Amino acid sequence: MEKLIQITSGRGPLECQWVVAKVLKTFLEEAKQNTIEYEIIHRENGDENLTLKSVTLLLKGKELDGFLKSWLGSICWTGKSTFRKLHKRSNWFIGIFELENLKTIDFHEKDIQFQTARSQGSGGQNVNKVNTAVRATHLPSRQSVFVQDSRSQLENKKLSVLRLQEKVTGVYLQQLERKMQETWSQHMQVQRGNPVRTFSGTDFKKNYQDRSFKKQRNVLKNELKNYKNDLN
């Protein structure tokens, strides 16, 4: 299972950008604990060091839905601003949302169609005598590049793969950027009043109850096990 997740400060001020960076660290720590793989697809740095306006993650794992249940929605941090000492506000909100209906592009060399051609342009009498240029097309995305940098067809083929991968990745990032803009428009004002998680203080202490009650169940299981042992 794969999901694209965006952690965003919305239209929030610098304090919210700081919260995004802190939430990202906590989010990734918990992802590791739940054996969930992640890749940072896109990040937009904040207006100060160690702050982020938004970050987009690709998550992979079997238990993603359960993990994200306690993360998706608004996140609240309660504390005094470290950037504006006299600011009276103490509750700062950011959002974590799922970017839906956007498929990742898998790039494999087996999906590339290669065609050779004669090099074009100036280069002496031998430039058009041998098919050293290479046109590479990525069939799933229909993106293509034409490479004639070298007199070696093999070298041009290697270059074409690298440049084609850059181009395909660029197209994907453009799609992702458009999707993020749509999400941004939908969540210009991060929902407040009912955060799924609340943190406080500069140490980012957690102030929420684990809704899965996993710890409570484990305690009860151990108590039941001990009780059975006592009976035996």
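Residues numbered from 1 in each chain as written. Predicted model: local features only at pLDDT ≥ 70, side-chain atom pairs only at ≥ 80, totals over all residues. Heavy atoms only, no water.

**Re the packing of aromatic side chains**
Selection rule: Only rings of Phe, Tyr and Trp enter the pairing, Trp through its six-membered ring, and a pair is recorded when the two centres are within 6.5 Å. The plane angle decides the type: under 30 degrees is stacked, over 60 is edge-to-face, the rest tilted. Put simply, DSSP marks the helices as runs of H or I at least four residues long and the strands as runs of E at least two long, and each gets a number from the N terminus on. Exposed residues in this analysis have more than 50% of their type's maximum accessible area, buried residues have under 20%, and partly exposed residues fall in between, with area computed by a 1.4 Å probe over protein chains only. In our convention, an over-ring charge means Lys NZ or Arg CZ found within 6 Å of a ring centre and within 35 degrees of that ring's normal.
For the coordinates displayed, the defined rule picks out four aromatic pairs. Taking the centre distance of 5.3 Å and the plane angle of 65 degrees together, the rings of phenylalanine 27 and phenylalanine 67 count as edge-to-face. Linking phenylalanine 27 in helix α1 (residues 14-33) with phenylalanine 67 in helix α2 (residues 64-68), this pair joins segments that are 40 residues apart in sequence. Side by side, phenylalanine 27 and phenylalanine 67 carry an identical accessibility label, which is buried. Positioned above the aromatic ring of tryptophan 71, the side-chain terminus of arginine 197 is 3.8 Å from the ring centre.

**So, unusual backbone geometry**
For leucine 50, which is not glycine, the phi dihedral falls at a positive 65 degrees. Position of leucine 50 relative to the elements: it lies in the loop between β2 (37-45) and β3 (52-60). The backbone of arginine 142 sits at a positive phi, close to 65 degrees, despite the residue not being glycine. Mapped onto the elements of the fold, arginine 142 is located in the loop between β7 (133-138) and β8 (143-147).

**Some details on the pattern of salt bridges**
Our working rule: For this document, the term salt bridge refers to a Lys or Arg side-chain nitrogen within 4 Å of an Asp or Glu carboxyl oxygen.
Applying the stated criterion to the full structure yields eight salt bridges. When the shortest N-O distance is used, the salt bridge between glutamate 15 and arginine 84 registers 2.9 Å. Residue glutamate 15 is located in helix α1, and its partner arginine 84 is located in the loop between β4 (73-78) and β5 (91-99); the two are separated by 69 residues in the primary sequence. Among the salt bridges present, the one from arginine 197 reaches glutamate 30, with a minimum N-O distance of 2.8 Å. Taken together, the positions of arginine 197 in strand β9 (residues 197-200) and glutamate 30 in helix α1 put the pair 167 residues apart, joining distant regions of the chain. The class of arginine 197 is buried, set by a relative accessible area of 2%. Ionic contacts of the salt-bridge type, sharing partners, join the residues Lys3, Asp65 and Glu98 into one network.

**What about the pairing of β2?**
To be explicit about the condition: Being paired, for any two strands, means DSSP has found at least two bridges between them.
Two strands pair when backbone bridges link them, and β2 and β3 are joined in this way by eight bridges, in the antiparallel orientation. Of the residues in β3, the one forming a bridge with glutamate 39 is leucine 58.

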